[in-house]
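Spelled out from the first residue to the last, the chains are:
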Amino acid sequence: MTDEIFRRDGYGFEFEANVISAEGDRVILDSTAFYPGGGGQVCDIGTIRGNAVVDVFLNEDGDIVHKVPQHDLRPGERVWCSVDWDRRYDLMQGHTGEHLLFCSLRRQCPDLEITKIYISPESKYVIVNHDLDWDQVQAAVEFANQAIKDNLPVTRSVMDRDDPDIERVRIKLDRIPEDEEITVVAIGDIDLSACSGIHVMETSELELLLVDRKVSAGSEGTAIHFKVGDAAKREALALSNIALRIVDGIGCKREDSPKAVANMRSELELKSGLLKQATRRLAESMVPRQMGDVDVYCGTLPGTDRAAMTDFAESVKSKGGVAIIVGETETLSVIVASGTPAVDCKKLLSDVLGRFGGRGGGKPDFAQGGVQDRSLADEVLKALSDATADMLGRSD
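Each value, and the rule that gives it
Residues numbered from 1 in each chain as written. Predicted model: local features only at pLDDT ≥ 70, side-chain atom pairs only at ≥ 80, totals over all residues. Heavy atoms only, no water. Pairing = 2+ DSSP bridges. Helix = DSSP H or I, 4+ residues; strand = E, 2+ residues; numbered from the N terminus. Axes fitted to C-alpha atoms, helices over the stretch in contact; angles between N-to-C directions. Buried < 20%, exposed > 50% of the residue type's maximum accessible area, 1.4 Å probe, protein only. Contact = heavy atoms within 4.5 Å. Core = buried A, V, L, I, M, F, W, Y, C linked by side-chain atoms within 4.5 Å.

Draft legend 1. Molecular detail of the sheet that holds strand β21 (residues 359-363). Spatial ordering of the open sheet is given by β17-β18-β19-β20-β22-β21, a layout of six strands whose pairing is mixed. At either end of the open sheet lies a strand with only one pairing partner, and these are β17 (289-291) and β21. For this sheet, the mean inter-axis angle between neighbouring strands, taken without regard to orientation, is 15°. Relative to strand β20 (residues 332-338), strand β19 (residues 322-328) is paired through seven bridges, and the arrangement is antiparallel.

Draft legend 2. Spotlight on the environment of Val-154. Inspection of the secondary structure assignment puts Val-154 in strand β12 (residues 154-159). What makes Val-154 buried here is its relative accessible area of 11%. Considering only alpha carbons, one finds Val-154 and Thr-96, 58 residues apart in sequence, at a separation of 8.2 Å. Ignoring sequence-local partners within four residues, the contact set of Val-154 consists of Thr-96, Val-185, Ala-186, Ile-187, His-199, Val-200, Met-201, Glu-202 and Thr-203.

Draft legend 3. Broad picture of the environment of Ile-48. Secondary-structure assignment places Ile-48 in strand β5 (residues 46-48). With 288 residues separating them in the primary sequence, Ile-48 and Val-336 have C-alpha atoms 60 Å apart. The residues touching Ile-48, leaving out its near neighbours within four places in the chain, are Val-27, Leu-29, Phe-34, Val-53, His-66, Val-68, Leu-73, Val-79, Trp-80 and Cys-81.

Draft legend 4. Examining the nonpolar core more closely. Residues Phe-15, Leu-29, Ile-48 and Leu-100 are the most contacted members of the largest nonpolar core, which totals 56 residues. At eight residues, the largest contribution of residues to this core is made by helix α2 (residues 85-108). Of all hydrophobic cores here, the second largest spans 28 residues; its members include Val-294, Leu-332, Val-334 and Leu-349.

This is how it looks when you write it as structure tokens:
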């Protein structure tokens, strides 16, 4: 078994080791500080005697494998190895930050559970089983940053499965094999969690923790994205600037901006609903033209709602007709639907819109596209109508 240096010293990033095997690009050492990933944290990268280590993982035998493309390493050689320290430290900060953030969120919502964790240099988030409002998130972030200010110790210990204190630990015992030791990471006296990942030694090393967004993760719950350290400071400045721009644009007091935005959103939703109704009524008022034995609905609709346009076009198609709708907003939105194989919507848009500097795509029975110049609405509609008449005429 490889001596896992990272287990006892997360700060050790340079070391010497013997090459045990080197098959293809897979290298196994007798000791390593390269963390193979786990607990949601991605693996380390770095170099072995100057050769780039691009991946580290456990194989089916439980060995730590270093993926080293095009290396010159041979079994029995003693080599100098180096983990990418800046990347490693960022991951350590992120992993400890995730523990701190979740325990802080759970104080706001005691039934909160973790669905997934992901810690990488590019992205750090925890997916929880349901959403929290921004007041809860703010309270959690304030609690976490107070813990950072208090510089709580982050310690690692090993517990037995039958230890009475195991009830205090955030743990899923069914996921841990019976014969495997349980590694527990404690943050002061505010959190105790089963974890075999790598962490910083004190909360002050996180410097700052910031939640920068939360989004739906579908059936998994809500993904809460966060940053720590310098990345958190940079993001805080960026978000502050964005917020000030929004407040200035709205033209209200800073403390009134959330309510002002909520009112604007409600007003926009109301207007969108009215626009959809108006679009539907305008579309339904169209009088079809008979081209052969096919009803063809052609028209321009000003300031239109795309969903309403699509619904109307689909209803025409379902009755065997053809719908050609040009919606006028800042640009032209074109929708064509056909209930007859004689009219190929995809070909129709491809042939016509290109003449006006536009483009479109879709399927033979439904296609959509656009033209930048809204002043061409009547010309685009006539060209589409004429091309449709040609297609129907050919089918006769």
